[in-house]
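# Structure at a glance
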Amino acid sequence: MVDAEVKLSVRGLRISYGDHVALDGVDLDVRANEILGIIGPAGSGKTSFLRALNRMDELDTAMTVEGDILFDGRNVRDVRNVYALRRRIGVVFPLPVGLPMTIYDNVAFAPRIRGIRKRAQLDEIVERCLRRAALWEEVKDRLKALGSLLSGGQQQRLTIARALSQDPDLLLLDEFSIAVDPVTTMRIEDVLRGLKDELTIILVTNLVQQARRLADRTAFFLNGELVEVGVTEALFTGPVVDQRTRDYVEGRFG
Amino acid sequence: MFAATALDHRNRRTQRAFKALFGLMTLMLITPVIIILTVLVVKGGPALSMEFLFSAPSNGMTAGGIFPALVGTVWLVAVALLASVPVGVASAIYLAEYAPDNWFTRLINLAIINLAGVPSIVHALFGVGAFVLFAGFGESILAASLTLAVMTLPVVIVATRESLQAVPKAFREACWNMGATRWQTIWKVVLPNSISGILTGVILEVSRTSGETAPIMFTGAALFLPFLPQGVLDQTMALSLHLFVLSTQVPNVPEHLEYGVALVLIGMVLAMNALSIGFRVYLRGRKKW
Ligand SMILES: Nc1ncnc2c1ncn2[C@@H]1O[C@H](COP(=O)(O)OP(=O)(O)OP(=O)(O)O)[C@@H](O)[C@H]1O
Ligand SMILES: [Mg+2]
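None of these values were measured; they are calculated from a predicted model. (Residues numbered from 1 in each chain as written. Chains lettered and ligands numbered in written order. Predicted model: local features only at pLDDT ≥ 70, side-chain atom pairs only at ≥ 80, totals over all residues. Heavy atoms only, no water.)

Next up on the list: the overall build of chain A. Scanning chain A from terminus to terminus reveals 10 helices and 10 strands. Its C-alpha radius of gyration of 18 Å places chain A within 12% of the 18 Å reference for a compact globule of 254 residues. With respect to the principal axes defined by its C-alpha atoms, chain A has extents near 55 × 40 × 35 Å. Out of the 254 residues belonging to chain A, those deemed buried represent 56%. A separation threshold of at least 6 residues defines the contact pool for chain A, and within that pool the share at least 24 residues apart is 65%. Total accessible area on chain A is roughly 10,700 Å²; 50% of this is exposed by carbon and sulfur atoms. Charged side chains of chain A number 35 positive and 37 negative; the gap between the two group centres comes to 6 Å. (Helix = DSSP H or I, 4+ residues; strand = E, 2+ residues; numbered from the N terminus. Rg over C-alpha atoms; globule rule 2.2 N^0.38 Å. Buried < 20%, exposed > 50% of the residue type's maximum accessible area, 1.4 Å probe, protein only. Contact = heavy atoms within 4.5 Å. Areas by Shrake-Rupley, 256 points an atom, 1.4 Å probe, with all protein chains shown as cover. Lys, Arg positive; Asp, Glu negative; His and termini not counted. Charge placed at Lys NZ, Arg CZ, Asp CG, Glu CD.)

So, in structure tokens, the structure goes:
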């Protein structure tokens, strides 16, 4: 049943915080090398969904995840080495987090923790990842400056470079443009389009138009329920679509 | 257009009254400090000399200097630091970074807070029971320092925990998401950004122990012992106890001697505090986020 095309397969996913159910009954496949958009109003469970994928729930005692998440056919619950699992999944948060260390060390962090020590190799990874995150030109002369003191938009690209330095198969972006200006947003969107050849991307966004620009397919979450998932353009213009989805993407909601 | 209403006037009067009141309170707060320092300097200053600092008391402690007590206090504080800092910092790291948030952890935290409130004389008696008698260290620097260490442990833990918690959660999450273990996160991100705060807090708190008298009185500090300690199992004199003895136990001590001891003791504490404040200012200047 699991064909090579499917990167991530989610079945019967239920996420709760204590008595509060944040997400229930989610069945969803993510294909290799696609950008899957996830849209939905605040509190619909988008961030919780991402956190379940790399088992961040284990670091939050209140959060419980049930159901199956198959990553390349392996149930992530059964992965013994959770650190190796997390290394294959890059994450970008809504608010950019430059770690309080140099720009170089930010990007070299993930390679170092997986044991890469050689200077030349690290140099190569740092440059490649910064280039791909469209940040290299701005910081190449000050790699020794603090990453946490870059501007918000630069820090967000630094975060992307850092996620790429993990050499991930799957990149999760959670409302990455919330603290970023429109020009930088466009640059990052270009970067993401370019990355599609190498990895699979899940893009959570509050901007419906961003999903429309980038996502091959889009899923609509509402109140902890996956209302539907389909080819992005179809959600906006196609004929057979849940009325709630259509209302949401057209901004006629509530 | 901007004419003040009656309400504006009343608000302004209230505001002035409170400002004056709070200012007065602050003044009252620092007055005793200023008076104490002035008296100490005026009365104790004349006693200070190389000879006072570097010779032993003589003539039944009515003359001579304070050298054994000075050295003894340094020993006591240093050994107490060696004992309390590793244990305190390690438990604070465990409590802040590893421990799950459950009733047991909360109980431990409650215990730590209460431990900080235990009177020093109770610690002293505990020290006699645990270190002098049970552990068999006898009255010694080791027993006295361990007693001081137990007493300072809660403050070391609290100071460390606060420094750790000042490092934003987002940094930790970023590391965990990259596949770092908790220890890698602590070692590479949390500690480098809190170690200086930890040290500052620790110096500040431990400097206070140098003035403690009760905990060392029955556990290792001697009334009169004009030799320097040779090791941690020796007894020793200490500045705080020496001051107590001079002022209450020995007749006919010249006043300037007593004040001199007090001045040296308070000078040591203030010097350590100044060091720690300077450290803090320096660190704030290079804050990384
Ligand atoms: N750590 C937590 N503890 C308790 N409840 C939580 C926690 N995180 C999220 N929730 C709850 O779970 C539900 C889903 O939250 P989630 O953050 O996944 O929403 P979201 O779709 O990402 O919203 P937004 O668009 O505002 O980011 C919300 O009702 C929220 O209150
Ligand atoms: Mg969210």
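Side chains of Phe18(B), Leu21(B), Phe22(B), Met25(B) and Met28(B) sit close together on the surface and give an oily, nonpolar patch of about 530 Å² of accessible area. Since its relative accessible area comes to 48%, Met25(B) is described here as partly exposed. (Patch = residues over 30% accessible without salt bridge, like charges linked within 9 Å, V, L, I, M, F, W, Y side chains within 5 Å. Salt bridge = Lys/Arg side-chain N within 4 Å of Asp/Glu carboxyl O.)

Right, let's get into the pattern of salt bridges. Pairing of side chains with opposite charge becomes possible as their charged atoms draw close. One pass over the full model with this rule turns up 34 salt bridges over all chains. Sharing partners across several salt bridges, the network here consists of Lys7(A), Asp72(A), Arg88(A) and Asp169(A).

This next bit is on the side chain of Ser84(B). Residue and element names in this part refer to chain B. Mapped onto the secondary structure, Ser84 falls in helix H3 (residues 67-98). Take Ser84: its relative accessible area is 1%, and that puts it in the buried class. When neighbours within four sequence positions are excluded, Ser84 is seen to be in contact with Val89, Ala149, Thr152, Leu153 and Val156.

The subject of this paragraph is the site of ligand 1. All names here are of chain A. Around ligand 1 sit 14 residues in total, of which Gly43, Gly45, Lys46, Thr47 and Ser48 are the nearest. Here an oxygen atom of ligand 1 and a backbone polar atom of Gly43 are 2.8 Å apart. Contacts to ligand 1 include Thr47, whose side-chain N or O atom sits 2.6 Å from an oxygen atom. For ligand 1, the protein covers 63% of the area, taking 630 Å² as the surface of the free molecule. Within the residue set of the shell around ligand 1, elements represented by two or more residues are strand E2 (20-31) and helix H1 (46-53). Ranked by residue count, the leading element in the shell around ligand 1 is H1, at three residues. Residues of the shell around ligand 1, tallied by class, amount to four nonpolar, seven polar and three charged. (Near = heavy atom within 4 Å. Polar contact = N/O pair within 3.5 Å; in protein donor to acceptor, adjacent residues only side chain to side chain. Nonpolar A, V, L, I, M, F, W, Y, C, P; charged D, E, K, R; others polar.)

Per the stated rule, a full pass over the model turns up eight aromatic pairs over all chains. Their ring planes at 75 degrees and their centres at 5.7 Å tell us that Trp103(B) and Phe104(B) sit as a pair that is edge-to-face. Residue Phe104(B) is classed as partly exposed on the basis of its relative accessible area of 46%. An angle of 25 degrees between the planes, with centres 5.6 Å apart, marks the rings of Trp183(B) and Trp187(B) as stacked. With Trp183(B) and Trp187(B) both in helix H8 (residues 182-190) and four residues apart, this pair spans about one turn of that helix. Looking at Trp183(B), the relative accessible area reads 44%, which means it is partly exposed. It is Lys144(A) that lies over the ring of Tyr104(A); its NZ or CZ is 4.6 Å from the centre. (Phe/Tyr/Trp six-rings, centres within 6.5 Å; stacked < 30°, edge-to-face > 60°. Lys NZ or Arg CZ within 6 Å of the ring centre and 35° of its normal.)

Moving on, we get to the interface of chain B and chain A. Contact with chain B, which involves 18 residues of that partner, is made by 24 residues of chain A. With both chains or domains summed, chain B and chain A bury close to 2,000 Å², and 67% of this area falls on carbon and sulfur atoms. The three residues of chain B that bury the most area against chain A are Asn177(B), Met178(B) and Lys288(B), which together make up 35% of that side's buried surface. At the junction of chain B with chain A, the criterion picks out one salt bridge. (Buried area = accessible area lost by both parts, 1.4 Å probe.)

Over its 39 residues, helix H1 (residues 6-44) of chain B runs 57 Å from end to end, which matches the ideal 57 Å to within 8%, given 1.5 Å per residue. Taken as a whole, H1(B) carries its principal kink of about 25 degrees at Ile30(B); the proline Pro32(B) stands between one and four residues after it. (Expected span 1.5 Å × (residues − 1). Bend = angle between axes of the 7 residues up to and from the residue.)

Right, let's get into the packing of helix H4 (residues 119-132) of chain A against helix H6 (residues 152-165) of chain A. Geometry of a packed helix pair, given as the angle between the helix axes and the separation of the axes. All names here are of chain A. Viewed as axis vectors pointing N to C, H4 and H6 meet at an angle of 130 degrees, and their least axial separation amounts to 8 Å. By the angle class used here, H4 and H6 are oblique. Between H4 and H6 lies a crossing whose hand is right-handed. Of the residues in H6, those touching H4 at Ile125, Cys129, Leu130 and Arg132 are Leu158, Ala161, Leu164 and Ser165. Each residue belonging to the contact of H4 with H6 can be placed in one class, and the counts come to six nonpolar, one polar and one charged. (Axes fitted to C-alpha atoms, helices over the stretch in contact; angles between N-to-C directions. Parallel < 35°, antiparallel > 145°, perpendicular 65-115°, else oblique. Left-handed = near helix turned anticlockwise from the far one by under 90°.)

Now for the side chain of Ser163(B). Residues and elements named next belong to chain B. Secondary-structure assignment places Ser163 in helix H6 (residues 141-165). Its relative accessible area of 13% is what places Ser163 among the buried residues. If we ignore the near neighbours within four places in the chain, the residues touching Ser163 are Ser194, Gly197 and Ile198.

This part takes up the domain arrangement of chain B. By a frequent convention, interface size equals the accessible area lost on bringing the separate parts together. All names here are of chain B. For chain B, the assigned domains are domain 1 (6-47) and domain 2 (50-55 + 63-285). Here domain 1 and domain 2 have C-alpha centroids that lie 31 Å from each other. Taken together, the contact pairs eight residues of domain 1 with nine residues of domain 2. Among the residues of domain 1 in contact with domain 2, Leu40, Lys43 and Ala47 are the three that bury the most area, contributing 67% of the side total. Counting the contacts that link domain 1 with domain 2 gives one salt bridge. (Domains from an automatic or database assignment.)

What follows concerns the sheet that holds strand E6 (residues 89-92) of chain A. Strand pairing in a sheet is mediated by backbone hydrogen bonds. Such pairs are either parallel or antiparallel. Residues and elements named next belong to chain A. One open sheet holds the six strands; their spatial order is E6-E7-E8-E3-E9-E10, and the pairing between them is mixed. Edge positions in the open sheet fall to E6 and strand E10 (225-231), since each of these has one partner strand only. The mean angle between the axes of side-by-side strands here comes to 15 degrees, regardless of whether they run parallel or antiparallel. Alignment of strand E3 (residues 35-39) against strand E8 (residues 200-204), held across four bridges, turns out to be parallel. The residue of E8 that forms the bridge with Ile35 is Ile201. H1 contacts E3, E6, strand E7 (170-174), E8 and strand E9 (217-222) of the sheet and is inclined by roughly 155 degrees relative to E7. (Pairing = 2+ DSSP bridges.)

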